[in-house]
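Read off the chains here:
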Amino acid sequence: MRRADWLLLIGLSVPWGCSFLFFKVLVAEMPPMSVALGRVGIAAVVVNLVLLAQGVRLGRYRAHWRGFLMLGLLNNAVPFALFVWGETRVSSGTAAICNAMTPVFTVLVAWALGGGRLAWYKLAGVALGFAGVGVRVGPEAVAGGDLLGSLACLGGALSYALGAPFMASLRGLPPFAVAGAQLLSSTAILLLPVLLIDRPWTLPMPSAEAWAALLALALFSTAFAYLLFFRLVASAGAANAMLVTFLIPVTALLLGNLVLDEPITRSAVLGTAVIAAGLALLDGRWLPKRFHPAWDRGSGARQGE
């Protein structure tokens, strides 16, 4: 990648890493589904105003609304609610480390859907990913941490992975239009459950700090992050853009420590390092070509292209 692409990649890790910090602030005052709805609802307004200013009309893509709805469910509504709920029980850094398992789950989902054999280095990467989660979550659970909170965050990562095939089915559509449509879809999906379950009109008014965190989550960590992400995808390719997965846990751990005074434990550092090693193996591009199996070398589907 070019230097500008690396700067975009590092820049993208900041708003997405900040989202775990904002979640932690918001769960003290708002129910998880209400936080998720606020995030996607405000971001949907902003992103779709940008689309209107660019002359893009989502109505022309009405044939793809089933895919948009599935993306809204699996890429926004379910994972956002699970991560927020998980952070009622675990630290923001632990949630971000669980989020780093998304590429591992994506490989497993693709394989389960008939993606062919897994190269040895991908199997090793999957194993390291789960080992890294065990290194982080295991000691925390034994020490009295909440295992359900970690499992909820892993469920959010799995939901992202389940949404990947629907994202692939929409390939060829303008990426920012897909973002606007999935945000509208997730807003519609979350609205009724929030009204029926959370009944927001019965809740205490959130503080100014909570409103500021919600606006930052929606505008900075969602709408602005989408702009950065799709610009990076256009410039460096989707495979290179997903390298941000390496950086998000680091950003979230540092922010959690600096802002929320969450300790950076040895298990967090070691777990992050083991998962990062697994992601590097899954990516495969840094391995010498001779280590790739012959059937994989000849597939012509090299990452980053």
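Scoring rules and cut-offs
- Residues numbered from 1 in each chain as written.
- Predicted model: local features only at pLDDT ≥ 70, side-chain atom pairs only at ≥ 80, totals over all residues.
- Heavy atoms only, no water.
- Helix = DSSP H or I, 4+ residues; strand = E, 2+ residues; numbered from the N terminus.
- Polar contact = N/O pair within 3.5 Å; in protein donor to acceptor, adjacent residues only side chain to side chain.
- 1 Å grid on protein atoms, 1.4 Å probe; cavity = no way out; pocket = protein on both sides within 12 Å on 5 of 7 lines; lining within 4 Å.
- Points joined across faces, edges and corners; volume = space filled by probe spheres on them.
- Nonpolar A, V, L, I, M, F, W, Y, C, P; charged D, E, K, R; others polar.
- Phe/Tyr/Trp six-rings, centres within 6.5 Å; stacked < 30°, edge-to-face > 60°.
- Lys NZ or Arg CZ within 6 Å of the ring centre and 35° of its normal.
- pLDDT = per-residue confidence, 0-100.
- Contact = heavy atoms within 4.5 Å.
- Axes fitted to C-alpha atoms, helices over the stretch in contact; angles between N-to-C directions.
- Parallel < 35°, antiparallel > 145°, perpendicular 65-115°, else oblique.
- Buried < 20%, exposed > 50% of the residue type's maximum accessible area, 1.4 Å probe, protein only.
- Core = buried A, V, L, I, M, F, W, Y, C linked by side-chain atoms within 4.5 Å.
- Expected span 1.5 Å × (residues − 1).

A few words now on the side chain of S267. As for its placement among the helices and strands, S267 is situated in helix α12 (residues 266–283). A polar side-chain atom of S267 sits 3.1 Å from a polar atom in the side chain of T265.

Under the criterion given, the structure shown has two cavities of 30 Å³ or more. Of the residues that constitute the lining of the largest cavity, the class distribution is four nonpolar, four polar and two charged. Of the voids in this model, the second largest cavity is the one considered here, and its volume is about 40 Å³. Elements supplying a minimum of two residues to the lining of the second largest cavity: α11 (244–260) and α12. Among the elements that take part in the lining of the second largest cavity, α12 stands out by supplying four residues, more than any other. Here the residues of the lining of the second largest cavity sort into seven nonpolar, two polar and no charged.

Turning our eyes to something else, we now look at the packing of aromatic side chains. Applying the stated criterion to the full structure yields nine aromatic pairs. The rings of W16, Y226, F229 and F230 are connected pair by pair, giving a single aromatic cluster. Positioned above the aromatic ring of F80, the side-chain terminus of R39 is 3.9 Å from the ring centre.

Bringing the confidence of the model for the protein chain into the picture now. Considering every residue of the protein chain, the mean pLDDT works out to 85; 90% of them sit at 70 or more. Put simply, helix α13 (residues 294–297) is where the protein chain has its lowest mean pLDDT, 47, and helix α2 (residues 32–53) is where it has its highest, 95. The low-confidence segment residues 297–305, where pLDDT is below 50, has 13 contacts with residues more than four positions distant or belonging to other chains.

Moving on: the packing of helix α4 (residues 92–99) against α11. Axis separation between α4 and α11 bottoms out at 8 Å; the angle between their running directions is 175°. Put simply, α4 runs roughly antiparallel to α11. Contact residues: S92, G93, A96, I97 and N99 in α4; I248, P249, A252, L253, G256 and L260 in α11. Residues that form the contact of α4 with α11 fall into these classes: seven nonpolar, four polar and no charged.

What the second largest pocket holds in volume is close to 270 Å³. Along its surface, the second largest pocket is lined by 14 residues, and M30, S34, P200, P206 and W211 are the ones closest to its centre. Of all the secondary-structure elements, those providing two or more residues to the lining of the second largest pocket are α2 and α9 (208–236). By residue number, the principal contributor to the lining of the second largest pocket is α2, which donates three residues. Grouping the constituent residues of the lining of the second largest pocket by class yields 11 nonpolar, two polar and one charged.

Turning our attention to α4. Counting buried residues along α4, eight of its eight residues qualify, which places the element largely inside the surrounding structure. Within α4, the full set of buried residues consists of S92, G93, T94, A95, A96, I97, C98 and N99.

Our next topic: the nonpolar core. Residues L12, F20 and L26 are the most contacted members of the largest nonpolar core, which totals 83 residues. Per-element tally for this core: the top contributor is α9, with 12 residues. Those residues in contact with L26, other than ones at most four positions away along the chain, are V35, A210, A213, L214 and L217.

Moving on: α2. Its 22 residues give α2 an end-to-end C-alpha distance of 32 Å, which sits within 8% of 32 Å, the value for a rise of 1.5 Å per residue. Once α2 finishes, G55 follows within two positions and takes phi at roughly 80°, a positive value.

Inspection of the secondary structure puts S92 in helix α4. The class for S92 is buried, based on a relative accessible area of 1%. In this structure, the C-alpha to C-alpha distance between S92 and F22, residues 70 residues apart in sequence, is 8.9 Å. Sequence-distant contacts of S92, that is, excluding residues within four places in its chain, are made with F20, L21, K24, E87, A252, G256, L260 and E262.

Along the polypeptide, G67 turns up in helix α3 (residues 65–86). Measuring from C-alpha to C-alpha, the distance between G67 and F166 comes to 5.9 Å, with 99 residues separating the pair along the chain.

Phi angles above zero are rare outside glycine, and R199 is one such case at about 45°. Looking at the secondary structure, you find R199 in the loop between α8 (175–198) and α9. Positive phi values are uncommon outside glycine, yet D261 reaches one of about 60°. Tracing the chain through its elements places D261 in the loop between α11 and α12.

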